[in-house]
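# Chain and residue survey
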Amino acid sequence: MPELPEVETIKKDLLPFLIGKTFTTINVYWPRMALEPSFDEFCRQIPGQKVEEISRRGKYLVMHLSSGQALVFHMRMTGSLLYMQDFDSINKGIKYITAAFGLDSGAHLLFCDRRKLGTIALVDNTNKLENKLGPEPLDSNFTSEAFKSRLKARKASIKAILCDQKVIAGIGNMYADESLFTARIHPLRPAENLSEAEMEQLHQAIQEVLLRGIANAGASFSDYCRPNGEPGIQQDSFMVAHRGGEPCHVCTTPIVRIPIRNRGTYFCPNCQV
DNA sequence: CCCGGAACCTGAAGGC
DNA sequence: TGCCTTCAGGTTCCGG
């Protein structure tokens, strides 16, 4: 499930192949994924546009186009972007293609999504995106003080708060669990009850965990893969995420899985208090 | 504003 | 072997 490190990896992998290239064709096989503007306009306005820049905001991948518009991708749970030098649009055994972009280089960019929940929007500006997202956890302005102020008076569990994109952008289920393990904080603790020291530990843990995720090119537990089709290796470095029943790396206590907000949450009941 | 739960999706995994 | 149920989790919407 692509979270910040996975989307950052996709961005870095695509950059050298897409910058300066122009979309020549667009085929959308699952019309509901094209959110904005109308489906017809989406298909009409993209051909002829050059990719000038690619950025990431939270879990969103943003392609800045020559018209000044932006193409905003969200992978949700099972979406991935594949870059293919010689995709012939007939059938190469690639499954779950929901949209295919042709490029003037002859290559193709494929959006593949088993569960069809991923989305693409063609927007005039990213204001709407900015309005629903909190700060970037790896930006220099995301200070420990900024983090603390966002946890104040929040009664919900710290796990739920970490996954709230308006509090911090880009953290999802896996990296929230890893951050809480690293900071030795129990996921069910109400956010407002964390001590100053715990909030500082968690602030640092978030950055460590995300940077490691990026260095390892993301975690391929599910459908996520890099644009060249290869998996990331971060899943091998996770301490608790998706490791229910396995011994904790620190104390050997079995990792526990509980639901929080209907999300599987993994933690060490001995290390995290 | 804050919080929690349902809906959107469908392949994979597990039970019988 | 095969049918059936449950699970997976990011975002949006809705009700309290």
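Higher on the page you've got the structure.
What this report covers is the structure whose coordinates are included nearby. (Residues numbered from 1 in each chain as written. Chains lettered and ligands numbered in written order. Predicted model: local features only at pLDDT ≥ 70, side-chain atom pairs only at ≥ 80, totals over all residues. Heavy atoms only, no water.)

## Some details on the protein's contact with DNA strand C
As a matter of local geometry, DNA strand C sits amid 15 residues, with His-74, Met-77, Arg-115, Lys-132 and Arg-257 nearest to it. At 2.4 Å, a side-chain N or O of Arg-115 approaches a base nitrogen of DNA strand C. Side-chain polar atom of Arg-263 to a base nitrogen of DNA strand C: 2.9 Å apart, as the coordinates give it. For the surface near DNA strand C, the class distribution of residues is four nonpolar, four polar and seven charged. (Near = heavy atom within 4 Å. Polar contact = N/O pair within 3.5 Å; in protein donor to acceptor, adjacent residues only side chain to side chain. Nonpolar A, V, L, I, M, F, W, Y, C, P; charged D, E, K, R; others polar.)

## So, the packing of aromatic side chains
Taken as a whole and assessed by the stated rule, the structure comprises seven aromatic pairs. Each ring, one from Phe-17 and one from Tyr-83, has its centre 4.6 Å from the other, and the planes form 25°; the classification is stacked. Taken as a pair, Phe-17 in helix H1 (residues 4–18) and Tyr-83 in strand S6 (residues 79–84) lie far apart in primary sequence, 66 residues in all. With a centroid separation of 5.4 Å and 75° between ring planes, the pair formed by Tyr-175 and Phe-238 is classed as edge-to-face. Taken together, the residues span a long stretch of sequence, with Tyr-175 in helix H6 (residues 173–182) and Phe-238 in the loop between helix H7 (196–215) and strand S10 (256–260) at a distance of 63 residues. In this structure, Tyr-175 and Phe-238 share a single accessibility class: buried. Site record: aromatic cluster; members linked through ring pairs are Phe-23, Phe-73, Phe-101 and Phe-111. (Phe/Tyr/Trp six-rings, centres within 6.5 Å; stacked < 30°, edge-to-face > 60°. Helix = DSSP H or I, 4+ residues; strand = E, 2+ residues; numbered from the N terminus. Buried < 20%, exposed > 50% of the residue type's maximum accessible area, 1.4 Å probe, protein only.)

## Brief notes about the sheet that holds S6
Reading across the sheet, the four strands line up as S1-S7-S8-S6 and stay open at both edges, with antiparallel pairing between neighbours. Unpaired on one side and paired on the other, strand S1 (23–28) and S6 mark the two borders of the sheet. Averaged over all adjacent pairs, the angle separating strand axes in this sheet is 15°, with direction ignored. In this structure, S6 lies alongside strand S8 (residues 108–113), joined through six bridges in antiparallel fashion. Counterpart to Leu-82 in the pairing with S8 is Leu-110. Against the sheet, H1 contacts S6, strand S7 (97–103) and S8, and its axis sits at roughly 30° relative to S6. (Pairing = 2+ DSSP bridges. Axes fitted to C-alpha atoms, helices over the stretch in contact; angles between N-to-C directions. Contact = heavy atoms within 4.5 Å.)

Nothing here speaks to function; it is all geometry.
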